[in-house]
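Commentary on secondary and tertiary structure
Residue-level listing of the chains:
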Amino acid sequence: MATFTFPRFQNVLSQRQPSHHHSSVGPPHPPIRINCSASREGEKTEESSATWREMRNVACGILAAWAVTTVSPVIAANQVRLPPLSNEPNRCERAFVGNTIGQANGVYDKAIDLRFCDYTNDKSNLKGKSLSAALMSEAKFDGADMTEVVMSKAYAAKASFKGVDFSNAVLDRVNFAKANLQGAVFRNAVLSGSTFDEAQLEDAVFEDTIIGYDDLKKLCLNTTISPDGRAELGCR
């Protein structure tokens, strides 16, 4: 008896989980089992044996591949693990003032936590700052001056950057998934390794943007980029 076992996974991650709340996650699902019997009672004749083995092997291969591809996306979705949201007073006012060690590599003794903060139209506090490895998800930066910022390895999923000026910024390996970047200016900015899955990029400016070929191909798949933006990027 050959048995294929594939565990089920539950998405139990949350960016904010207050400690006084009990988890509502139920008991885990039992694993998926696919049994492929080597023989069946009543089918022991030499003539039927070869046919049955061939059909069994094909069926088991298809079922095993189906199970793996069905589970894998769930595992991938659970890769991002964020720390609890800080309850420090004046967190948003002080968070962007990072340490002095290893900033370009995102090495800090304390995380730069900007999640859910509002920096709308901020013209002085963010300009030229090092925000490497910053947690920026669901924060608001609309209209802010973020020229020359360094955001290596930052996590900015679902954040809003409408009309932000990123001129001469280093946006290396930033996760902009589902972020709102309408009208953002990336003039002479580095976008190497950054991802824009389901991001809104209407009227974004990409003049003289520095980006790798593979990253460019992925970025050009975003259908919200305006014709002018596509021309600046060289999308085909």
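Residues numbered from 1 in each chain as written. Predicted model: local features only at pLDDT ≥ 70, side-chain atom pairs only at ≥ 80, totals over all residues. Heavy atoms only, no water.

**Details of the environment of Asn-188**
If you trace the backbone, Asn-188 turns up in the loop between α2 (91-94) and α3 (213-219). The exposure class of Asn-188 is partly exposed, given its relative accessible area of 36%. Through-space distance from the C-alpha of Asn-188 to that of Phe-206 is 7.7 Å; in sequence the pair is 18 residues apart. Contacts of Asn-188, omitting those with residues within four sequence positions, involve Asn-168, Glu-207, Asp-208, Thr-209 and Ile-210. Here Asn-168 takes part through its side chain, which lies 2.8 Å from a polar atom of the side chain of Asn-188. (Helix = DSSP H or I, 4+ residues; strand = E, 2+ residues; numbered from the N terminus. Buried < 20%, exposed > 50% of the residue type's maximum accessible area, 1.4 Å probe, protein only. Contact = heavy atoms within 4.5 Å. Polar contact = N/O pair within 3.5 Å; in protein donor to acceptor, adjacent residues only side chain to side chain.)

**Here's the deal with the packing of aromatic side chains**
When we look at a pair of aromatic rings, we describe it by the centre distance and by the angle of the planes. Scanning the model with the defined rule gives nine aromatic pairs in all. Ring centres of Phe-161 and Phe-176 lie 5.6 Å apart, and the angle between their planes is 85°; on these two criteria the pair is classed as edge-to-face. Of this pair, Phe-161 sits in the loop between α2 and α3 while Phe-176 sits in the loop between α2 and α3, placing them 15 residues apart in sequence. The burial state of Phe-161 is the same as that of Phe-176; both residues are buried. Three or more aromatic residues link up through ring pairs in this structure, and these residues are Tyr-119, Phe-141, Phe-161, Phe-166, Phe-176, Phe-186, Phe-196 and Phe-206. (Phe/Tyr/Trp six-rings, centres within 6.5 Å; stacked < 30°, edge-to-face > 60°.)

**Focus on the nonpolar core**
Grouped together as the largest cluster of nonpolar side chains are 42 residues, with contacts concentrated most on Met-146, Phe-166 and Phe-186. Ignoring any residue separated from it by four or fewer positions in sequence, one finds Phe-186 in contact with Phe-166, Leu-171, Leu-181, Leu-191, Phe-196, Leu-201, Ala-204, Val-205, Phe-206, Glu-207 and Thr-209. (Core = buried A, V, L, I, M, F, W, Y, C linked by side-chain atoms within 4.5 Å.)

**Remarks on the side chain of Ser-167**
Here Ser-167 is to be found in the loop between α2 and α3. Polar side-chain contacts of Ser-167 include one of 2.6 Å to the side chain of Asp-165. Excluding its chain neighbours within four sequence positions, the residues that come into contact with Ser-167 are Thr-147, Glu-148, Val-185 and Arg-187.

**Description of the state of the cysteines**
This structure, assessed with the given rule, holds two disulfides. The disulfide bridge from Cys-92 ends at Cys-117, spanning 1.9 Å between sulfur atoms. Where Cys-92 bonds to Cys-117 through sulfur, the torsion about that S-S bond is close to -80°, and the disulfide is left-handed. Here the residue Cys-92 occupies a position in helix α2, and Cys-117 occupies one in the loop between α2 and α3, the gap between them amounting to 25 residues. Using a relative accessible area of 1% as the deciding quantity, one classes Cys-117 as buried. (Disulfide = S-S within 2.5 Å.)

**So, the pattern of salt bridges**
If you walk through the whole model with that rule in mind, you get five salt bridges. For Asp-113, the salt bridge goes to Arg-115, with nearest N and O atoms at 2.8 Å. For the pair Asp-113 and Arg-115, a shared accessibility class is recorded, and that class is buried. For Asp-214, the salt bridge is made with Lys-217, and the minimal N-O distance between the two is 3.9 Å. Separated by three residues within a single helix, Asp-214 and Lys-217 lie in helix α3, roughly one turn from each other. (Salt bridge = Lys/Arg side-chain N within 4 Å of Asp/Glu carboxyl O.)

**Some details on the confidence of the model for the protein chain**
Of the residues in the protein chain, 60% reach a pLDDT of 70 or more, and the chain-wide mean stands at 75. When the criterion is pLDDT under 50, residues 37-44 qualifies, and its contacts beyond four places in sequence or with other chains add up to nine contacts. In the predicted structure, residues 62-78 sits below a pLDDT of 50 and forms 14 contacts with residues beyond four places in sequence or in another chain. (pLDDT = per-residue confidence, 0-100.)

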